[in-house]
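One letter stands for each residue in the lines below.
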2 protein chains.
Amino acid sequence: MTPKIAQFLAEQKPATPCLVVDLSCVRTQYHALHGALPSSRIHYAVKANPAPAILRELHALGSFFDIASPGEIDICLEAGIPAQKLSFGHTVKNVRSIAYAHQKGLTLYAFDCLEELEKLAEHAPGCEVFCRLGVVNTGAQWPLSRKFGTTPESAFTLLQKAHELGLKPVGLSFHVGSQQTNTEAYGDAIAQAAGIYHRLKKQGITLDFINMGGGFPTYYNSPIPSIDQFGQAITKAMNTHFPDTAPRILLEPGRYMVGSAGVVHTEVVLASRRGGGDGDPRWVYLDIGRFGGLAETEGESIRYTFQTPHDEETSGTSPCILAGPSCDSMDVLYEKNLIPLPDEIKAGDRINILATGAYVSTYCSTGFNGFPPLDEYYI
Amino acid sequence: MTPKIAQFLAEQKPATPCLVVDLSCVRTQYHALHGALPSSRIHYAVKANPAPAILRELHALGSFFDIASPGEIDICLEAGIPAQKLSFGHTVKNVRSIAYAHQKGLTLYAFDCLEELEKLAEHAPGCEVFCRLGVVNTGAQWPLSRKFGTTPESAFTLLQKAHELGLKPVGLSFHVGSQQTNTEAYGDAIAQAAGIYHRLKKQGITLDFINMGGGFPTYYNSPIPSIDQFGQAITKAMNTHFPDTAPRILLEPGRYMVGSAGVVHTEVVLASRRGGGDGDPRWVYLDIGRFGGLAETEGESIRYTFQTPHDEETSGTSPCILAGPSCDSMDVLYEKNLIPLPDEIKAGDRINILATGAYVSTYCSTGFNGFPPLDEYYI
């Protein structure tokens with residue numbers, strides 16, 4: 001937790017649950033990524049956290065933005081970002097969304113199948129398109145399913161088809177999986193993209209860029225490679241596969257940019273062994289759970305770090321099951337991977353959950369069990 | 001789908017995604033349950049769908065209500081329901097919520113551990129309490145975890161302790177699991193509760209009721225027992241275990257009361273084999289998914305029925321993977337249990353998802369990927 005957030009919590013004592021984001025961390029992350037890959041163009045993945053304060057901060061730094069819906073277009077335009085700096089990176093869009101984006105002035109769109117390409121040709125005629133490849137996500141803690149991306153052969157065919165449909169085929173994209181901790185994952189995907197790039201070039205189509213998506217990890221509680229290590233792996237692979245002129249690198253970081261900047265401040269509602277013996281784990285119920293924003297604990301895949309008021313002076317810790325505040329029995333955060341917490345933990349204690357700046361505020365339900373969405377502070 | 005909903009959709013052509021609920025179905029369900037267990041008292045589980053129209057409808061029929069938070073207290077009071085008809089059936093409550101409920105006039109509270117009992121004694125002095133037992137959920141399609149409920153031995157001790165703390169021990173509760181299709185599940189739980197009831201009676205404590213929670217199923221796409229069959233199984237078990245005077249039965253139906261009353265109306269955003277061969281399943285992307293309200297498709301546990309405009313006249317059906325509209329790769333509804341849909345399905349088609357009146361509107365995220373919450377119509 002940054003000193004700024006610690007001071008804010010100590011002085012303001014905000015009601016729980018809430019999310020507090022330190023904007024200076026976002027700046028630091030942007031500069032670090034830009035430093036690691038200086039020639040790349042960064043499109044912040046708005047879905048990770050669409051708070052206007054974050055959008056304005058990144059816009060001031062020169063960032064581009066990747067959006068997923070008309071709602072995200074509006075929020076970016078309202079933050080003063082010009083439409084030319086927005087890419088529509090979602091491969092699945094209804095025709096009204098495409099027409100809306102086209103009308104607002106967006107020029108760059110993703111696709112991964114013929115049907116989507118035809119929709120783009122009709123509702124955003126003449127636009128720039130890039131094709132998403134499906135790549136293996138080994139090493140990612142939040143791996144992506146087969147929901148998006150196509151085969152190299154199909155990408156090769158579709159990008160030529162785009163040209164025939166009057167669209168501008170400008171790039172290829174892939175996503176190595178969110179919270180990717182294996183730097184080599186990018187190399188394999190770049191090799192695949194390069195193969196298509198060179199084949200298309202022979203057909204007279206020269207792509208402008210390779211969009212490497214997001215995936216750069218946030219530190220939760222186990223070591224991750226530095227952003228420079230990712231930069232080196234990507235640069236090395238690009239030099240290998242593009243010995244002469246290389247296409248530009250586009251990046252779509254979301255979690256990397258804002259994850260470490262945020263802290264969820266929560267209160268213990270109940271701590272009890274609930275009829276179990278001394279050897280049984282305690283149940284610790286927080287006032288935020290899977291339906292209040294911590295959706296990424298599904299399957300216990302993302303494991304957060306917890307700070308309690310008793311960490312410095314405790315008679316000992318014991319493993320706890322962590323659960324959310326709702327009546328829903330699926331609203332359990334960690335039951336297989338028990339969390340060691342001080343024995344002193346009791347109802348009313350405030351706990352900080354670190355590195356929760358990304359994919360929390362927007363996952364929050366509208367009011368499950370009558371609980372309002374969590375408050376947010378951007379400082 | 002009821003004729004009333006069909007007419008509404010045909011005439012109004014509402015924007016998608018939306019939920020349409022036929023209130024006459026809610027009435028039918030209430031009367032059927034009341035008929036199956038005439039001496040029971042029904043506390044509608046507000047969390048299943050807290051729409052004011054539903055609350056007013058059930059209030060007019062004489063229903064009581066079970067709430068989970070101050071937010072749900074407010075929505076009930078605003079609907080004209082007196083505080084005396086509300087039970088606070090959530091076993092995990094922060095002290096502010098308890099004090100708020102007490103101040104508003106709620107008299108009946110659940111608990112399942114000593115720590116919660118102590119909170120109640122301090123913040124709702126003199127209130128009526130019931131203890132939740134943990135019971136096995138075999139046969140439930142949405143089984144509850146170990147998150148709630150205690151052992152029979154602990155319940156016996158805690159209800160006596162309640163008396164010592166100046167509280168009124170009035171009941172025992174259990175929950176056999178949501179979408180429970182095994183009528184015998186209630187018998188086993190009633191036997192357990194009866195054992196504690198009789199032991200407490202010998203100690204001079206006579207409980208008023210046994211609260212059997214919810215769990216009664218909604219028809220999705222496989223046969224379920226009728227509500228009369230559940231009524232008979234419960235009556236038989238009560239007669240067996242309470243040969244003389246029996247405590248009252250309380251019920252907390254949620255899904256049963258509103259599930260079958262609702263239809264989600266959604267649009268196909270994209271339908272494509274996405275580079276796969278003819279033998280590969282098609283991907284059909286809808287404009288509602290796991291983060292837009294269909295959270296109960298997690299693990300593909302609740303399997304809905306889909307109606308398409310091509311059902312009557314189709315050249316054939318083929319198995320489809322169904323996915324939601326967001327960029328999130330976890331936003332897939334059915335990938336293991338493929339859904340057979342007509343080959344004619346294409347972007348722009350409208351699909352109805354049946355029996356979606358419960359646990360949809362409130363699970364909806366505030367705006368994941370920039371998509372607004374779904375519209376709701378109560379007719």
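Not measured: the values here are computed from a predicted model. Just so you know, the residues in each chain are numbered from 1, in the order the chain's sequence is written. Written order decides the labels, with chains lettered from A and ligands numbered from 1. Totals for whole chains, interfaces and linings use every residue, but because this is a predicted model, local features are given only for residues with pLDDT of at least 70 and side-chain atom pairs only at 80 or more, for both listing and counting. Only heavy atoms go into the side-chain values, all of them from the structure, while hydrogens and water stay out.

A. Looking closely at the interface of chain B and chain A. In this analysis, two residues are considered to be in contact whenever any of their non-hydrogen atoms come within 4.5 Å of each other. Counting from both sides, the interface comprises 66 residues of chain B and, opposite them, 66 residues of chain A. The term buried area refers to how much accessible surface (probe radius 1.4 Å) is lost by two components on association, counted for both of them together. Taking both partners together, chain B and chain A bury about 5,200 Å²; carbon and sulfur atoms supply 55% of that area. For the chain B face of the interface with chain A, the top three residues by lost area are Lys147(B), Arg274(B) and Cys327(B), together amounting to 13%. Salt bridge, as used here, is a side-chain nitrogen of Lys or Arg placed within 4 Å of a carboxyl oxygen of Asp or Glu. At the junction of chain B and chain A, the tally comes to eight salt bridges. Taking the shortest distance from any N to any O, the salt bridge between Glu298(B) and Arg290(A) comes out at 2.7 Å. Residues adjacent in sequence count toward polar contacts only when both atoms are side-chain atoms; beyond that, a polar contact is any pair of N or O atoms within 3.5 Å, and within protein one must be able to donate a hydrogen and the other to accept it. At the junction of chain B with chain A, the criterion picks out 32 residue pairs in polar contact (both at pLDDT 80 or more). For the purposes of this entry, the term helix denotes a DSSP run of H or I that reaches at least four residues, the term strand denotes a run of E that reaches at least two, and both are numbered from the N terminus. Taken together, the elements giving at least two residues each to the side of chain B that touches chain A come down to helix 4 (70–78), helix 6 (114–123), strand 12 (262–272), strand 13 (282–286), strand 15 (317–323) and strand 16 (332–342) of chain B. Ranked by the residues each element gives to the side of chain B that touches chain A, the list is headed by strand 12 of chain B, at five residues. Of the residues assigned to the side of chain B that touches chain A, the class counts are 26 nonpolar, 23 polar and 17 charged. Amino acids are sorted into nonpolar (Ala, Val, Leu, Ile, Met, Phe, Trp, Tyr, Cys and Pro), charged (Asp, Glu, Lys and Arg) and polar (every other residue, Gly among them).

B. Spotlight on helix 8 (residues 184–202) of chain A. Residues and elements named next belong to chain A. Relative to the 27 Å expected for 19 residues at 1.5 Å per residue, helix 8 spans 28 Å between its end C-alpha atoms, a close match to the ideal helical length. Relative accessibility thresholds used throughout: buried, under 20% of the residue-type maximum; exposed, over 50%; partly exposed, between the two (1.4 Å probe, protein chains only). Turning to helix 8, its buried residues number three or more, namely Ala185, Tyr186, Gly187, Ala189, Ile190, Ala193, Ala194, Ile196, Tyr197 and Leu200. Close packing links the buried residues of helix 8 with helix 7 (152–164), strand 8 (168–173), strand 9 (178–180), strand 10 (209–211) and helix 9 (227–241). Positive backbone phi, approximately 90°, marks Gly204, located one or two places after helix 8. Here the expected length of a helix is defined as 1.5 Å per residue gap, with one fewer gap than residues.

C. How the structure looks around the sheet that holds strand 4 (residues 86–88) of chain B. All names here are of chain B. By definition, two strands form a pair when at least two bridges between them are found by DSSP. Judged by pairing direction, the barrel is parallel, and its eight strands sit side by side in the order 2-3-4-5-6-8-10-11 before closing back on the first. Geometrically, the sheet is characterised by an average inter-axis angle of 30° between neighbouring strands, direction not taken into account. With two bridges joining them, strand 4 and strand 5 (residues 108–111) adopt parallel strand pairing. Its bridge partner lying in strand 5, Phe88 is registered against Tyr109. Axes here refer to lines fitted to C-alpha atoms; in helices the fit is confined to the stretch in contact. Angles between the N-to-C directions go from 0 to 180 degrees.

D. The arrangement of the domain arrangement of chain A in detail. All names here are of chain A. Entries for chain A in the domain assignment read domain 1 (50–253) and domain 2 (260–378). Domain borders in the structure are assigned automatically or taken from a domain database. In this structure, domain 1 and domain 2 have C-alpha centres spaced 34 Å apart. Contact residues are listed per partner, giving 11 residues for domain 1 and 13 residues for domain 2. Summing both sides of the interface, domain 1 and domain 2 together bury roughly 1,000 Å²; the carbon and sulfur share of this comes to 62%. Put simply, domain 1 and domain 2 have zero salt bridges between them. At the junction of domain 1 and domain 2, the tally comes to two residue pairs in polar contact (both at pLDDT 80 or more). Those elements giving two or more residues to the side of domain 1 that touches domain 2 turn out to be helix 3 (52–61) and strand 7 (140–142). Here the residues of the side of domain 1 that touches domain 2 are counted per class, giving seven nonpolar, four polar and no charged.

E. Quick look at the sheet that holds strand 11 (residues 248–251) of chain A. Residue and element names in this part refer to chain A. The eight strands lie next to each other as 2-3-4-5-6-8-10-11, forming a closed barrel whose pairing is parallel. The sheet shows a mean angle of 30° between the axes of neighbouring strands, taken without regard to direction. Here strand 3 (residues 64–67) runs beside strand 4 (residues 86–88); their pairing, made up of three bridges, is parallel. What sits directly across from Phe65, in strand 4, is Leu86. Docked against the sheet, helix 6 (residues 114–123) engages strand 5 (108–111) and strand 6 (128–132), running at close to 155° with respect to strand 5.

F. Representation of the side chain of Ser63(B) in the model. Residues and elements named next belong to chain B. Its location among the elements puts Ser63 in the loop between helix 3 (52–61) and strand 3 (64–67). Within the structure, Ser63 has its side chain in polar contact with the backbone oxygen of Ile42 (distance 3.4 Å). Ignoring sequence-local partners within four residues, the contact set of Ser63 consists of Tyr30, Ile42, Tyr44, Leu58 and Lys85.

G. View of the pattern of salt bridges. Per the counting criterion, the structure on display carries 26 salt bridges over all chains. Residue Glu296(B) is joined to Arg255(B) by a salt bridge in which the shortest nitrogen-to-oxygen separation is 2.8 Å. Here Glu296(B) is found in the loop between strand 13 and strand 14 (306–307), whereas its partner Arg255(B) is found in helix 10 (residues 255–258), with 41 residues between them in sequence. Side by side, Glu296(B) and Arg255(B) carry an identical accessibility label, which is buried. Through salt bridges that share partners, Arg290(A), Glu298(A), Arg290(B) and Glu298(B) make up one connected network.

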